[in-house]
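So you can see what is in the structure, the chains are spelled out below.
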Amino acid sequence: MALINSRFQRLWRDDGIRSALLSHMDTDTICALRLTDFELCTLTTKPLFTRTRLTFTPSALTRPSRLEALSRIGLYIEHLTFSMPHTDETFLPPLLNPLNGHEVNFLYTPHTTTTSVIQRPKYGCPELGDILTQQYPPIFHAATNVPAFITALSYMPALRHLTISCPGQDPAQRYRRDSVDYALISLRIAIERAPMLKLEKLSLNHVHPSAFQYLRHMQGYGCTPSAGRRWKQIRKMVIIMDSWDFQGLRPGLDHLKILDDYIRAFSPNLEKISFGWNGRKGPCPLTLFTDPLFAPPRKERKLFAEVTSPMSPLPAAPRRQAMSFPKLRYMQVRNATMSSEQVAGFVYEHRHTVKEFDFENVGLINGGSWDDALAPLTRRSTSSSDEWSSQMSGSDVGSSTGSQSQDDLEAYLDEFDEVIDSFGGLPVRQPPTDAEVLEAERASVHVTKLKKRRVHRRRRRKHTHETKEESSPTRPKISAPIRISNPTVDVLLPTTFNPNIQGVQRNIEQEAAQQELADDPEKRVSTLKKAKEAVLKQLGKEFCKQERKESAGYRGFFKNTCSAGWKSRGMLGHESSTALVPLMFSRY
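Anyway, here's the lowdown on the structure attached to this text. (Residues numbered from 1 in each chain as written. Predicted model: local features only at pLDDT ≥ 70, side-chain atom pairs only at ≥ 80, totals over all residues. Heavy atoms only, no water.)

### Considerations on the overall build of the protein
Applicable threshold: By the criteria applied, helices consist of DSSP H or I runs no shorter than four residues and strands consist of E runs no shorter than two, each listed in order from the N terminus. Each residue gets one of three labels from its accessible area relative to the maximum for its type: buried under 20%, exposed over 50%, partly exposed in between, using a 1.4 Å probe on protein chains only. Note on contacts: a residue pair is in contact if any heavy atoms of the two residues lie within 4.5 Å. Each accessible area is a Shrake-Rupley result for a 1.4 Å probe, and residues are judged covered by the shown protein chains and nothing else.
Along its length, the protein carries 25 helices and 13 strands. Relative to its 588 residues, the protein shows a buried fraction of 37%. Counting contacts in the protein only where the partners sit at least 6 residues apart, residues at least 24 apart contribute 82% of the total. Taken as a whole, the protein presents about 38,200 Å² of accessible surface, with 55% of it coming from carbon and sulfur.

This is the structure we're talking about:
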């Protein structure tokens, strides 16, 4: 390395100047600059390896030279992009028994340590391991090497942002498992076990629908009791998902439910979330179970009232509760379809915490309007100190607002650098349905962003000094108090004892009787019973006198219907010792 001038080195030690210069250099230039001087190598190593991309290959995590290099630069990695595209090499054909040609069922159980491989075979039995080695590609065996994933991520203690990218899946292979799915299982286990205490952001870029099944934290093989703590660290999430035909014969509602479960698990701790469909528009996963796709089926009338089953049909399953984000501050939905009720409900639920709503290229279905959807924010009664400013855009959303929304998003979120090309990768479609025609008609004008702006109203200060000076000459003068020449003095005289005046006399006999009653519980109970009987007797007499006057015409009825026992004096309530008679003859 050549010797560099001390002034030049002093210039590069300045953080502001160094960051400004490195922002105008590409990766090759920074690598060449890093090799010129030892101090420049130290200063440029961290910004050069802050963002690192790892493309998974069969030897990416097992070659000793790469592991040694990763151990040296892993301390500087803060943003790791794990890329594993779907190719012909990742496709897994059905396993066939070489002896009889029958398909072999394979139940995968991951090994999390090297000692577990020594104790038992990696794939259950040696015969199955031979079949997998002969028929499956090497990338599958590298994807199931869980200890290699754990070792690689253990070299990155400063990792803050993890991006997982696995594009290129054939839509016909949505329900087939390939090597990418096994790699996602190993990656999830490594994330839960590696010491990544600073991880706070997770980006899933162009992932296939079944990826959430393998990235979801579940109790099972390879999961530890402390695995949930790692996922609770996530505060920011970006999801860009490949879409499919939601109106076809296989709408993929099961994949949508898995997506809902995945996002719902992170919802209590998320502060910023961004979701978008890559390709055709799809439902919004934040309000999924209020979408028309999950509406209960209509009841069909039976012909001739036939009975098709001895049991009554089961009622429709209740809908899930709406997804809630108590800590959310930023929300973005792109290239999706929503109803005005869905937008209004989500906006109303999170209007106090969210600072910005971004609905980019979102179409309203069922004839909804943005005025109704944003009514909870436009009402003046929602918050007196908050005002929401909206940005309107025309029908050419893909060409006019794509770059603008990206710049605004990077300025606000500084790391949300993944952008969806909503119109660049659209496949050839069948003739549009009625719902798509309605969306195209309503796409003429819609809202893209809503930002909260808090209004600070200044109070007018009262000029107290000026008013005091102006009003001081007009105030009346108050004279001094007048003193009394001969003040009266009250002198307290001593009190003399007068034997003729007597105080309150005590009744010794009554006090002794009360003390005896308090000491003897039997006397106290009997006294209470006598008092109760006296009160009830008096109430019975007063009630019977009143009833005798009001019900004089009912005497004949009692003579004909009541027996001799009911005509007794005690039963009619003249000398009743209980409260039963007044209740029996009460009128309502």
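We are not done yet, so read on.
### Points about the packing of helix H3 (residues 27-34) against helix H4 (residues 38-49)
Angle between the axes and distance between the axes: these two values describe a pair of packed helices. As a reminder, the rule being used: Fitting a line to C-alpha atoms yields each axis, with helices limited to the stretch in contact; the angle taken between N-to-C directions then spans 0 to 180 degrees. Any angle that falls under 35 degrees is termed roughly parallel, while one over 145 is termed roughly antiparallel, one within 65 to 115 roughly perpendicular, and all others oblique. Put simply, a crossing is left-handed when the front helix is turned counterclockwise from the back one by less than a right angle, and right-handed when it is turned clockwise.
Running from amino to carboxyl end, H3 crosses H4 at an angle of 155°, the nearest separation of the two axes being 9 Å. In terms of axis orientation, H3 runs roughly antiparallel to H4. Relative to H4, H3 is oriented so that their crossing is left-handed. Note on element contacts: H4 touches H3 through Leu 40, Cys 41, Thr 44, Thr 45, Leu 48 and Phe 49, opposite Thr 27, Ile 30, Cys 31, Leu 33 and Arg 34.

### With respect to helix H10 (residues 179-193)
Let me state the cut-off plainly: An expected span of 1.5 Å times one less than the residue number is assigned to each helix.
Over its 15 residues, H10 runs 21 Å from end to end, which matches the ideal 21 Å to within 8%, given 1.5 Å per residue. Counting buried residues in H10 gives 14 out of 15 residues, a clear majority hidden from the surface.

### What about the pattern of salt bridges?
Note that side chains of opposite charge can pair when their charged atoms are close. Which entries qualify depends on this criterion: Basic side-chain nitrogens of Lys or Arg form a salt bridge, by our definition, when they fall within 4 Å of a carboxyl oxygen of Asp or Glu.
All chains considered together, the criterion is met by 6 salt bridges. The salt bridge involving Lys 523 is made with Glu 516; its shortest N-O contact spans 2.4 Å. By relative accessible area, Glu 516 is classed as partly exposed at 43%.

### Some points on the packing of aromatic side chains
Here is the rule we go by: Any two rings among Phe, Tyr and Trp, with Trp reduced to its six-membered ring, count as a pair given centres within 6.5 Å; such a pair is stacked if its planes are under 30 degrees apart, edge-to-face if over 60, and tilted if neither.
Counted by the stated rule, this structure contains 22 aromatic pairs. Ring centres 5.0 Å apart and planes at 90° place the aromatic pair Phe 140 and Tyr 182 in the edge-to-face group. Here Phe 140, found in helix H8 (residues 138-143), pairs with Tyr 182, found in helix H10; they are 42 residues apart in sequence, far enough to count as distant. Judged by its relative accessible area of 0%, Phe 140 is buried. Each residue in the set Phe 106, Tyr 108, Tyr 123, Tyr 136, Phe 140 and Tyr 182 is aromatic and connected to the rest through ring pairs, giving one cluster.

### Overview of the sheet that holds strand S9 (residues 336-339)
To be explicit about the condition: Criterion used throughout: strands pair if DSSP finds at least two bridges between them.
Pairing within the open sheet is parallel, and its 3 strands lie in the order S7-S9-S11. Two strands lie at the open edges of the sheet, namely strand S7 (282-283) and strand S11 (363-365), each paired on one side alone. Helix H14 (residues 340-349) rests against S9 and S11 of the sheet, and its axis sits at about 85° to S9.

### Observations concerning the pairing of strand S2 (residues 79-83)
Rule in force here: Place the viewer so that the strands point away; then a crossover is right-handed whenever the path from the first strand over the helix to the second strand goes clockwise.
Of all 5 residues that make up S2, 5 are buried, and the element is covered over most of its length. Of the two faces of S2, the one holding His 79, Thr 81 and Ser 83 and the one holding Leu 80 and Phe 82 are both buried throughout. Two elements, strand S1 (residues 51-55) and S2, share 5 bridges in a ladder whose sense is parallel. The partner of Arg 53 across the bridge, within S2, is Thr 81. Of the crossover connections in this fold, the one passing from S1 over helix H5 (residues 64-73) to the parallel S2 is right-handed.

### Comments concerning the packing of helix H9 (residues 146-154) against H10
Applied cut-off: Residues are grouped as follows: Ala, Val, Leu, Ile, Met, Phe, Trp, Tyr, Cys and Pro are nonpolar; Asp, Glu, Lys and Arg are charged; every other residue, Gly included, is polar.
Across the interface, H9 lies against H10 with an axial gap of 8 Å and an inter-helix angle of 45°. As judged from the angle between their axes, H9 and H10 are oblique. Crossing of H9 against H10: the hand is right-handed. Across the interface between the two elements, Val 146, Phe 149, Ile 150 and Leu 153 from H9 touch Ala 183, Ser 186, Leu 187, Ile 189, Ala 190, Ile 191 and Arg 193 from H10. Residues that form the contact of H9 with H10 fall into these classes: 9 nonpolar, 1 polar and 1 charged.

### Some details on the environment of Arg 230
What counts is decided by this rule: In the analysis that follows, any N or O atom pair within 3.5 Å is treated as a polar contact, provided that within protein one partner can donate a hydrogen and the other can accept it, and provided that, for residues neighboring in sequence, both atoms belong to side chains.
With respect to the secondary-structure elements, Arg 230 resides in helix H12 (residues 227-232). Of the residues examined, Arg 230 reaches a relative accessible area of 9% and is grouped as buried. Once the C-alpha coordinates of Arg 230 and Met 196 are considered, the two residues, 34 residues apart in sequence, prove to be 7.9 Å apart. Residues contacting Arg 230, with those up to four places away along its chain left out, are Ile 191, Glu 192, Ala 194, Pro 195, Met 196, Leu 197 and Leu 199. Here Ile 191 takes part through its backbone oxygen, which lies 3.1 Å from a polar atom of the side chain of Arg 230. In this structure the side chain of Arg 230 is engaged in a polar contact, spanning 2.8 Å, whose partner is the backbone oxygen of Ala 194.

### Things to note about the side chain of Glu 192
Among the secondary structure elements, Glu 192 is positioned in helix H10. The exposure class assigned to Glu 192 is buried, which follows from its relative accessible area of 4%. Here the side chain of Glu 192 touches His 217 through a polar contact of 3.3 Å, side chain to side chain. Those residues within four positions of Glu 192 in sequence are excluded, and the remaining contacts are His 217, Gly 222, Cys 223, Ala 227, Arg 230 and Trp 231.

### Here we look at a positive patch on the surface
Definition in use: Only residues whose relative accessible area exceeds 30% and that form no salt bridge enter a patch; like-charged residues are grouped when within 9 Å of one another, and nonpolar side chains (Val, Leu, Ile, Met, Phe, Trp, Tyr) when within 5 Å. Positive: Lys, Arg. Negative: Asp, Glu. His and the chain ends are not part of the count. Each charge is placed at NZ for Lys, CZ for Arg, CG for Asp and CD for Glu.
On the surface, a cluster of positive charge is made up of Lys 537, Lys 541, Lys 545, Arg 548 and Lys 549. Assignment of secondary structure puts Lys 549 in helix H22 (residues 521-550). With relative accessibility at 74%, the residue Lys 549 sits in the exposed group.

### Points about the pairing of strand S6 (residues 272-278)
Side chains on a regular strand alternate between the two faces of the sheet. When you tally the buried positions in S6, you get 6 out of 7 residues, the bulk of the element. Bridge count between strand S5 (residues 236-242) and S6: 7 bridges; the pairing is parallel. What sits directly across from Met 241, in S6, is Trp 277. For the crossover that starts at S5, traverses helix H13 (residues 253-266) and ends in the parallel S6, the hand is right-handed. For S6 and strand S8 (residues 330-334), the ladder comprises 5 bridges, and the chain directions are parallel. Counterpart to Ser 274 in the pairing with S8 is Gln 332.

Worth remembering: the numbers are spatial, not functional.
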